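Read off the chains here:
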Amino acid sequence: KAGVTQTPRYLIKTRGQQVTLSCSPISGHRSVSWYQQTPGQGLQFLFEYFSETQRNKGNFPGRFSGRQFSNSRSEMNVSTLELGDSALYLCASSGDQNNEQFFGPGTRLTVL
Amino acid sequence: AQSVAQPEDQVNVAEGNPLTVKCTYSVSGNPYLFWYVQYPNRGLQFLLKYITGDNLVKGSYGFEAEFNKSQTSFHLKKPSALVSDSALYFCAVMTDSWGKFQFGAGTQVVVTP
């Protein structure tokens, strides 16, 4: 089985721009979660989608949004980028209830 | 609310010695506990999980963890550390709110030859 894939792997943007990150889960997985990883804040949960519906949400401002498509692929959008949004954004998919999450390699976003 | 704490930012151990990475949790329901490892510039890799059953859980790469309900702990252990075990280790908890994982701050493990 192919693992979780994320595109792009690296991205450089400037303040005020917006960005869209993509995540393709493992085939058959319907849950996709997004995390932001920074040296200072660690791994922070952004949101989780299941069957095209946002099921859980972390404590991030409305500039961070996401969606999930019928094939379970998910996108995350960040509008009006700030310097503090520079981070590694990780996507994870899971299958059965209470199962482990499988992580993608991440997208490294740098905001200048 | 659920939370997980990893009290040590870094753990240093000599190769061949036992390795322990500590994790404590706080949840209102039944805890589902996980350990992940992250190598530089990589995503997280699953090591092991506790859902129910035996308190001692065995996982990948010779790692194991012991669930202790009274102490609300889920420490990760390896009897004999390898240099290749040097990485960032994360403990995570999920309660009955399916899909919502809470990760600890991470513990950097450094194994010296």
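Residues numbered from 1 in each chain as written. Chains lettered and ligands numbered in written order. Predicted model: local features only at pLDDT ≥ 70, side-chain atom pairs only at ≥ 80, totals over all residues. Heavy atoms only, no water.

Further remarks concern the pairing of strand 5 (residues 32–38) of chain B. Residues and elements named next belong to chain B. For strand 5, a buried count of seven out of seven residues is recorded, marking the element as mostly surrounded by other parts of the structure. Here strand 5 shows a buried face lined by Tyr32, Phe34, Tyr36 and Gln38 and a second buried face lined by Leu33, Trp35 and Val37. Across seven bridges, strand 5 lies against strand 10 (residues 87–94) in antiparallel orientation. Counted as the bridge partner of Trp35 is Cys91 from strand 10. Linkage of strand 5 to strand 6 (residues 44–50), two consecutive antiparallel strands, is achieved through a turn of five residues, within which Asn41 is found at a positive phi near 60 degrees. (Buried < 20%, exposed > 50% of the residue type's maximum accessible area, 1.4 Å probe, protein only. Helix = DSSP H or I, 4+ residues; strand = E, 2+ residues; numbered from the N terminus. Pairing = 2+ DSSP bridges.)

The subject of this paragraph is the nonpolar core. All names here are of chain B. Leu19, Trp35, Leu47, Leu48, Phe74, Leu76 and Tyr89 are the most contacted members of the largest nonpolar core, which totals 26 residues. Elements with a contribution of two residues or more to this core: strand 2 (10–14), strand 3 (19–21), strand 5, strand 6, strand 8 (64–68), strand 9 (73–78), strand 10 and strand 12 (107–112). Looking at this core element by element, the count peaks at four residues for strand 10. Apart from residues lying up to four places away in sequence, Leu48 is in contact with Leu33, Phe34, Trp35, Val57, Lys58, Gly59, Phe63, Glu64, Ala65, Phe74 and Leu76. (Core = buried A, V, L, I, M, F, W, Y, C linked by side-chain atoms within 4.5 Å. Contact = heavy atoms within 4.5 Å.)

Looking now at the interface of chain A and chain B. Between chain A and chain B, the residue contacts involve 24 residues of the former and 20 residues of the latter. Across the contact surface, chain A and chain B share three residue pairs in polar contact (both at pLDDT 80 or more). Secondary structure elements with two or more residues in the side of chain A that touches chain B: strand 4 (31–38), strand 5 (42–50), strand 6 (53–57) and strand 9 (87–94) of chain A. Its residues placed into classes, the side of chain A that touches chain B shows eight nonpolar, nine polar and seven charged. (Polar contact = N/O pair within 3.5 Å; in protein donor to acceptor, adjacent residues only side chain to side chain. Nonpolar A, V, L, I, M, F, W, Y, C, P; charged D, E, K, R; others polar.)

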